[in-house]
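Chain by chain, the residues:
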Amino acid sequence: MRAVDFLRRATVCWYMRIYLASNNAHKHAEFSSLFPMHTILLPKDEGIDFFSPEDGSTFFANARQKADALYDVVHAPVLADDSGLCVDALDGDPGVHSARFGAQHGVHTDTARMQLLLERMHGRQDRACSFVCVAVLKLGSVPLCVGRGVCRGVLTTEMSGVEGFGYDPIFLLPHLGRTFAQLSIEEKNRVSHRALAALRLAQVLAMMQLPRALRYELKLLRGARRMTRGGVLRPGAPCAQRKGQTAQTARRHKFYARARRCARRIHRA
């Protein structure tokens, strides 16, 4: 199953409002499309001035650093990632320094960084490279959920495409014959390093939440069976939400509405 398909079907993951430890609107758009069952929030949208130095020596260290920094402020679920382009011929550079590559030479834009990298790779035959992403989800007292994704490709000799961000215009997928910047966000989310990391993250999260989801489904099934006891479909509790109802009562009525639908299916069978 493709990464994006699993993420869209992972309904076992309960709805959450998740803060993204980044100020990058492109990352926000990608993660929002990868986790459609949750609401992904940027700190700046909530009036939070967020900054993390990202001075770790690994992708995981940087991602965890960002997650910890934002969680200390919002005390709510936080999603953080660190990613970069690793070029085989440069011994994995720029790697964890991808976002700051060439800063010591006054390079501070994506276009300038790509030009600098292409200059360093000029004349080299081995142009194999990888996009690597490590994503972490911090939920509080429970252990970090961690996902890692790697996408292999080839470094082009010139920039191609206008979509995406970062090094996307010079990262070619040989099996597609296009760069990341030439793919739509839907196409990119099927093969990208970030999508693969999100897939691993969703799988871990689903396994963590599975007991809670199973308890709810078993409770729902017991309620449905009570309604069909003796072969007779019983009406159960009213489900219409009345004005002035408490949230707990509304949830109970919603539960009985689901149980009644389940009971009808059992009764028809």
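Nothing here was measured: the structure is a model prediction, and the numbers come from that model. Position numbers for residues start from 1 in each chain and track the written sequence from start to end. Local features are withheld for residues below a pLDDT of 70 in this predicted model, meaning they are given only at 70 or higher, and side-chain atom pairs are given and counted only at 80 or more; totals for whole chains, interfaces and linings count all residues. Only hydrogens and water are set aside; all other atoms, that is, all heavy atoms of the structure, feed into the side-chain values.

A. Examining the UniProt feature "binding site: Mg(2+)" in the protein chain more closely. Summarizing the sequence annotation, UniProt attributes the feature "binding site: Mg(2+)" to Asp 82 in the numbering used throughout. By secondary structure assignment, the location of Asp 82 is in strand E3 (residues 78-87). Look at Asp 82 and you get buried, because its relative accessible area is 4%. Here Asn 62 takes part through its side chain, which lies 3.1 Å from a polar atom of the side chain of Asp 82. UniProt positions are given in the numbering used here, feature names are shortened, and annotations may be inferred rather than shown by experiment. The helix count covers DSSP runs of H or I at least four residues long, the strand count covers runs of E at least two residues long, and both are numbered beginning at the N terminus. Exposure is judged per residue with a 1.4 Å probe applied to protein chains only, and the accessible area is read against the type maximum: over 50% gives exposed, under 20% gives buried, and values in between give partly exposed. Side-chain atoms alone can form a polar contact between residues adjacent in sequence; in general such a contact is a pair of N or O atoms within 3.5 Å, and within protein one must be able to donate a hydrogen while the other accepts it.

B. Local environment of the pairing of strand E1 (residues 17-20). Here E1 pairs with strand E2 (residues 39-41) via three bridges, running parallel. By the bridge assignment, Tyr 19 is partnered in E2 with Leu 41. Read as a crossover between parallel neighbours, the route from E1 over helix H2 (residues 25-34) to E2 is right-handed. Pairing geometry for E1 and E3, over two bridges, is parallel. Residue pairing for E3: Leu 20 is matched across the bridge by Leu 79. Any two strands with at least two DSSP-identified bridges between them are counted as paired. The path from the first strand over the helix to the second decides the hand: if it runs clockwise while the strands point away from the viewer, the crossover is right-handed.

C. Up close: unusual backbone geometry. At the junction of Asp 93 and Pro 94, the peptide bond is cis and its omega measures out at 0° in the coordinates. Residue placement: Pro 94 occurs in the loop between E3 and helix H4 (110-120). Its identity as a non-glycine residue notwithstanding, Glu 54 has a phi of 55°, on the positive side. Looking at the element boundaries, Glu 54 is found in the loop between E2 and helix H3 (59-74). Notably, His 75 is not glycine yet its phi reads approximately 50°, a positive angle. Tracing the backbone through its elements, the reader meets His 75 in the loop between H3 and E3. Overall, the relative accessible area of 56% leaves His 75 in the exposed class.

D. Up close: the pattern of salt bridges. Here a salt bridge means any side-chain nitrogen of Lys or Arg lying within 4 Å of a carboxyl oxygen belonging to Asp or Glu. Tallied over the entire structure, the rule returns 13 salt bridges. Here Glu 30 makes a salt bridge to Lys 188, at a shortest N to O gap of 2.7 Å. Taken together, the residues Glu 30 in helix H2 and Lys 188 in helix H5 (residues 185-191) connect sequence positions 158 residues apart. Here Glu 30 and Lys 188 have matching classes, each one buried. Close ionic contact of Glu 54 with Arg 100 constitutes a salt bridge, the shortest N to O distance being 3.7 Å. Pair noted here: Glu 54 is in the loop between E2 and H3 and Arg 100 is in the loop between E3 and H4, with a separation of 46 residues, a long-range link. Salt bridges here are not isolated pairs; linked through shared partners, they connect Lys 27, Glu 30, Asp 81, Asp 168, Lys 188 and Arg 194.

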